[in-house]
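Observations on chain architecture
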Amino acid sequence: MTVGPVQAVEQAIRNGSELAQSSVVVALAGRPNVGKSTLFNLLTGLNQHVGNWPGKTVERKAGYFTFDDRTYELVDLPGTYSLTANSAEEVVAREYIIRDQPDVVIAMVDAATLERSLYLVAELVTLPAPVVVGLNMIDVARQEGMEIEPDVLSAALGVPVVPMVAAKGEGVRELLVVIDDVVNGRVPYSPKPPQIRADHQAVLKDILELIGGSVPAPYPEDWVALKLLEGDQEITKLMKRSVAEDIWEHVYAILRDHDDALVAVAGGRYEWIGRMVRAAVTRPKAGQIGLTERLDRWATHPFWGVLILAGILGLAFWLTYTVGTPLQDLLDAYVVTGLANLVGAWMAGTPAWLSGLVVEGIIGGVGAVITFLPILVIFFAVMGILEDVGYMARAAYVMDGFMHLMGLHGKSFLPLFLGFGCSVPAILGARVIDSKRARLLTIFLAPLIPCTARMAVIAFLAPAFFGSSAMLVSWGLVLLVLAVIAIAGVLLNKLMFHGERAAFIMELPLYHVPNWRTIGLLMWQRSLSFLQKAGTLILVVSVVVWALSRLPGGELGSSYLAAVGHWLEPVGRYMGLDWRLIVALLASFIAKENSIATLGVIFGTGGGGLAETLAATYSTATGLAFLVTQMLFIPCVATVAAIRQETGSWRWTLFNLAFLLALSLVAGAAVFWLAQIVGL
Amino acid sequence: MWHRHKSRRSSEPLETADGVVPLSALGTGEHAVVVELSAGHGLLARMASLGFTPGAPVSVIQNFGRGPLIALVRDTRIALGRGEAGRIMVRRNSR
């Protein structure tokens, strides 16, 4: 049982409940897949808040805990391999350490891949905050035949090293004691940072002399000099502003002559790492074939790997339909409808507009989004498990070639695929993509993937219009959309990013057993934070659309929404759509399946016979054009909220919506025109 | 297959006399040492921080001659696109 020690640690560490005035600030740094989240969740439990770093779309997690009657604030830095300015995550991490100067930085290190993990430590020890190394997964290292001496490593680094197995709670108490010792100056702290490779030492000295005295306040001078040599854009900009012009010319000339210095800096760090590893690792990894290698023979194979991926995704969708959909129906029947009935009865005495607003507008609209929560949670769980186990990178690897067709690379595959369930997890899932460009493009394309709600509309309407060939038409529609995505991907990549594809280079981490606590907390936080952030927007849009559909007379047929529909009819004519179908499209902004319910209200058919009525009213060409338009139309409000949340920009969000609107109208018109030529 | 890379300048010899080739030219199971990286600043920084620095031993775990490949460098498996692998020049270990 692994629960015992964890509980023991939990009893010793009370998850702090409120902000203490004089808390010690501890930052948690480490590369991805190193057990950082495990330690963070173990220490802070549910007492953590998730937000964004100011001005960035990088997730910021912080929490409190108390240990030995002292309160600690724990700040989880983004998982990074290094501290260059190449990604927002790395800039966030280093700016926090330099500017906010936490009392201690815990550097989590994976003992089984020590060499790789120490790279970040090589950068951390040059920063002003004291570092304590958490040598995690020491059990895995032992299993692989590796023997590491923490004391020797500590002496070589000049930094305390605590061996631990965070997943089992081992070593956590010791880590906290060491942190306390460092904060109170009970242990000497004298890190031995790496030196730049010998051939560049003179250059570094020249730069240091030139910029000496003009480095702005919290930045350490030698660190800035090193970053200049590395060609770091942020620091170059900073120093260009801070140094006198004539001196900068000198500095710039040196940097231009040594534009390859970055390799020397990185090389120096790896030389340093090599010394540490040679000193501390008394027995290297046995040459045996590890679990990862055995699994990867199948998981990364061009044929079997794709088959395994298809199996895993099939399982995810099977789970969605066997667990998610029934739960969704239950939520709808009992919670949303139940609440609506209850509130409706309770508000019987109030004016009709008020009870209508609350019951139909707020509960109806927000409820439609809430019923999607089970599917959302299932997809968050799937993403969480695949990420935690280490499989995500393999999926990206086997799908890389295919994704090239869309101007994307492998990492975009899984988020986009989840879009077949719901666009929201697809957009939130795009976080796994480290290149900003590829992430934006993935978010941009995700709403085009036909989600379950859009497919439900097709499943309802296609049989009425196309009878026995409904299945064929449905598949045709999906293929059409996929083709549109591929074309849009290539074009957008060309137009916006000049055809430059983000580089595909990433670590394939070692597989490990999933940590259910980490995954559970991740699901909880993602769902909660999405509802919190999207909630307001969803509420406002629900109320507005409801009001438009009821005012002024209380009837949909004579409402403002209908008036808008009539007004848009000249546009709709190109797609064969009359005002009723336009209103149905507009109403789908709350939730895609709303278009059916809206048509039901307009035609006064309720549930039964609507499909037949529609087939009798409209030509097949109109039916087809409507289906195409609704497949590509602007997404539901929850998706819009997700785009806004993940891109951090209303401009980008509106651009995305405008693109989808234009695309859907053009495609609808083209299909209508073609269908008429064919004689449908 | 590797000679198709657009990134390679035509003036460059495909394989120098001392056995320097792009990483993408190594077959599965072959061992080599990194000699030189030729990439833009951003990619260069990522490659270097992932452990591809001159002198680092590498081996290829998987290379099917097309699509991305997997290399082992500094104890870690790195997946990289064929284009990216073409920018890492390595010297084959003599057997």
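Note that this is a predicted model, so its numbers are computed, not measured.

1. Quick word on the sheet that holds strand 5 (residues 104–110) of chain A
All names here are of chain A. Pairing in this open sheet of 7 strands is mixed, and the strands run 2-3-4-1-5-6-8 from one edge to the other. Sheet topology places strand 2 (48–52) and strand 8 (161–163) at the edges, where each strand pairs with a single neighbour. On average, each strand axis in the sheet is inclined to that of its neighbour by 25°, with strand direction left out of account. Sheet strands in contact with helix 6 (residues 150–157) are strand 6 (131–136) and strand 8, and its direction is about 160° off that of strand 8.

2. A look at the interface of chain B and chain A
In this complex, chain B contributes 29 residues to the contact, which on the side of chain A involves 27 residues. Listed by contribution, the elements that provide at least two residues to the side of chain B that touches chain A are helix 1 (41–49) and strand 5 (76–80) of chain B. A total of 9 residues in the side of chain B that touches chain A trace back to one element, the largest contributor, which is helix 1 of chain B. In this sheet, strand 5 of chain B lies alongside strand 10 (residues 505–508) of chain A in antiparallel orientation, the contact comprising 4 bridges. Each residue of the ladder has a partner; that of A:Leu508, found in strand 5 of chain B, is B:Arg77.

3. Observations regarding the nonpolar core
All names here are of chain A. Ala107 and Val132 are the most contacted members of the largest nonpolar core, which totals 230 residues. Ranked by residues supplied to this core, first place goes to helix 12 (residues 261–280) with 11 residues. Not counting chain neighbours up to four residues away, the residues in contact with valine 132 comprise Val104, Ile106, Val159, Pro160, Val162, Leu175, Val178, Ile179 and Val182.

4. Some thoughts on the sheet that holds strand 5 of chain B
Spatially, 10(A)-5(B)-4(B)-3(B)-2(B)-6(B)-1(B) is the arrangement adopted by the 7 strands of the open sheet, whose pairing is antiparallel. A single partner strand is all that each edge strand has here, and the edge strands are strand 10 of chain A together with strand 1 (20–22) of chain B. Across the sheet, the axes of successive neighbouring strands diverge by a mean angle of 40°, strand direction being ignored. Where strand 2 (residues 31–37) of chain B meets strand 3 (residues 57–62) of chain B, 3 bridges bridge the pair, whose relative direction is antiparallel. In the strand pairing of strand 3 of chain B, B:Val33 is matched with B:Pro57.

5. Overview of the domain arrangement of chain A
Residues and elements named next belong to chain A. Domain annotation of chain A identifies domain 1 (3–183), domain 2 (198–283) and domain 3 (534–678). With centres defined by C-alpha atoms, the gap from domain 1 to domain 2 works out at 26 Å. Every contact between the two is made by 22 residues of domain 1 and, on the other side, 19 residues of domain 2. Taken together, the residues of the side of domain 1 that touches domain 2 sort by class into 15 nonpolar, 3 polar and 4 charged.

6. Quick notes on the packing of helix 30 (residues 637–647) of chain A against helix 31 (residues 650–678) of chain A
Pairs of packed helices are described in terms of their axes, by the angle between the two and the distance that separates them. All names here are of chain A. One way to put it is that helix 30 packs onto helix 31 with a least axis distance of 8 Å and a crossing angle of 140°. Compared by their axis directions, helix 30 and helix 31 come out oblique. Two packed elements cross with a definite hand, and for helix 30 against helix 31 that hand is right-handed. Where helix 30 abuts helix 31, its residues Val640, Ile643, Arg644 and Thr647 lie against Trp650, Trp652, Thr653, Asn656 and Leu657. Grouping the amino acids of the contact of helix 30 with helix 31 by side-chain chemistry returns 5 nonpolar, 3 polar and 1 charged.

What counts, and at which threshold
- Residues numbered from 1 in each chain as written.
- Chains lettered and ligands numbered in written order.
- Predicted model: local features only at pLDDT ≥ 70, side-chain atom pairs only at ≥ 80, totals over all residues.
- Pairing = 2+ DSSP bridges.
- Helix = DSSP H or I, 4+ residues; strand = E, 2+ residues; numbered from the N terminus.
- Axes fitted to C-alpha atoms, helices over the stretch in contact; angles between N-to-C directions.
- Contact = placed C-beta atoms within 7 Å.
- Core = buried A, V, L, I, M, F, W, Y, C linked by C-beta atoms within 7 Å.
- Buried ≥ 20, exposed ≤ 12 C-beta atoms within 10 Å, placed from the backbone.
- Domains from an automatic or database assignment.
- Nonpolar A, V, L, I, M, F, W, Y, C, P; charged D, E, K, R; others polar.
- Parallel < 35°, antiparallel > 145°, perpendicular 65-115°, else oblique.
- Left-handed = near helix turned anticlockwise from the far one by under 90°.

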